[in-house]
Amino acid sequence: MRKLYLIALMGFAFAMSQNAFAEIVNVTNSADGATRDSAIAAVKEKLTAACKERGGTPDAKSFELDGEQKSSNPDVPKPFHIDARMKCDLPQS
């Protein structure tokens, strides 16, 4: 009878630990904007949408800029270009 309780307890612990089997991936993307802040906001939105589209949970604290450029051409409507990455916790299928 004791083994039955241990088996049930192990099964319960395994069922509760499914989050431990999640996969963490880096999602990368880029965006343009009229200002640096608007470009950063646009790329954050794209990264969050890409993560949620895959069924994951975005980690906003892990947001990192990979690169930024500003066009020297004054006729460009969105002169700021931002490349960034963010971690995304994907459930294991």
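So, a few notes on the structure that sits alongside this text. Because the structure is a prediction, the values reported are computed rather than measured. (Residues numbered from 1 in each chain as written. Predicted model: local features only at pLDDT ≥ 70, side-chain atom pairs only at ≥ 80, totals over all residues. Heavy atoms only, no water.)

## Notes on the sheet that holds strand β2 (residues 57–70)
Turning to step 1, where the next piece is worked out: Spatially, β1-β3-β2 is the arrangement adopted by the three strands of the open sheet, whose pairing is antiparallel. In the strand order of this sheet, the two ends are held by β1 (23–33) and β2, each with one partner. The average undirected angle you get between the axes of adjacent strands in this sheet is 20°.
Turning to step 2, where the next piece is worked out: In this structure, β1 lies alongside strand β3 (residues 80–90), joined through 11 bridges in antiparallel fashion. Each residue of the ladder has a partner; that of Val27, found in β3, is Met86.
Turning to step 3, where the next piece is worked out: Relative to the sheet, helix α2 (residues 36–53) contacts β1, β2 and β3, its axis offset from that of β1 by approximately 145°. (Pairing = 2+ DSSP bridges. Helix = DSSP H or I, 4+ residues; strand = E, 2+ residues; numbered from the N terminus. Axes fitted to C-alpha atoms, helices over the stretch in contact; angles between N-to-C directions. Contact = heavy atoms within 4.5 Å.)

## Description of the state of the cysteines
A covalent bond bridging the sulfur atoms of two cysteines is what the word disulfide describes.
Turning to step 1, where the next piece is worked out: Tallied over the full model, the rule gives one disulfide.
Turning to step 2, where the next piece is worked out: Here Cys51 engages in a disulfide with Cys88; their sulfurs sit 1.9 Å apart. Looking along the S-S bond of the Cys51-Cys88 disulfide, the torsion reads about 85°, which is the right-handed sense. Of this pair, Cys51 sits in helix α2 while Cys88 sits in strand β3, and the two are 37 residues apart along the sequence. (Disulfide = S-S within 2.5 Å.)

## Remarks on the side chain of Ser62
Turning to step 1, where the next piece is worked out: The residue Ser62 is located in strand β2 in this model.
Turning to step 2, where the next piece is worked out: Side-chain polar atoms of Ser62 contact the backbone nitrogen of Lys87, separated by 2.8 Å.
Turning to step 3, where the next piece is worked out: Not counting chain neighbours up to four residues away, the residues in contact with Ser62 comprise Arg85, Met86 and Lys87. (Polar contact = N/O pair within 3.5 Å; in protein donor to acceptor, adjacent residues only side chain to side chain.)

## Here we look at the nonpolar core
Turning to step 1, where the next piece is worked out: If you look at the biggest cluster of nonpolar residues, it comprises 15 residues, and the most contacted ones within it are Val27, Val43, Leu47, Phe63, Ile82, Ala84 and Cys88.
Turning to step 2, where the next piece is worked out: Going through the elements one at a time, β1, α2 and β3 are the ones with two or more residues in this core.
Turning to step 3, where the next piece is worked out: Residue contacts for Phe63: discarding those within four places in its chain leaves Ile40, Val43, Lys44, Leu47, Ala84, Arg85 and Met86. (Core = buried A, V, L, I, M, F, W, Y, C linked by side-chain atoms within 4.5 Å. Buried < 20%, exposed > 50% of the residue type's maximum accessible area, 1.4 Å probe, protein only.)

## Notes on α2
Since one α-helical turn is 3.6 residues long, residues separated by three or four positions face the same way.
Turning to step 1, where the next piece is worked out: Compared with the 26 Å implied by 1.5 Å per residue over 18 residues, the 26 Å span of α2 between its first and last C-alpha is a close match.
Turning to step 2, where the next piece is worked out: Buried residues along α2 sit in contact with β1, β2 and β3.
Turning to step 3, where the next piece is worked out: One or two positions beyond α2, positive phi appears at Gly55, with a value near 85°. (Expected span 1.5 Å × (residues − 1).)

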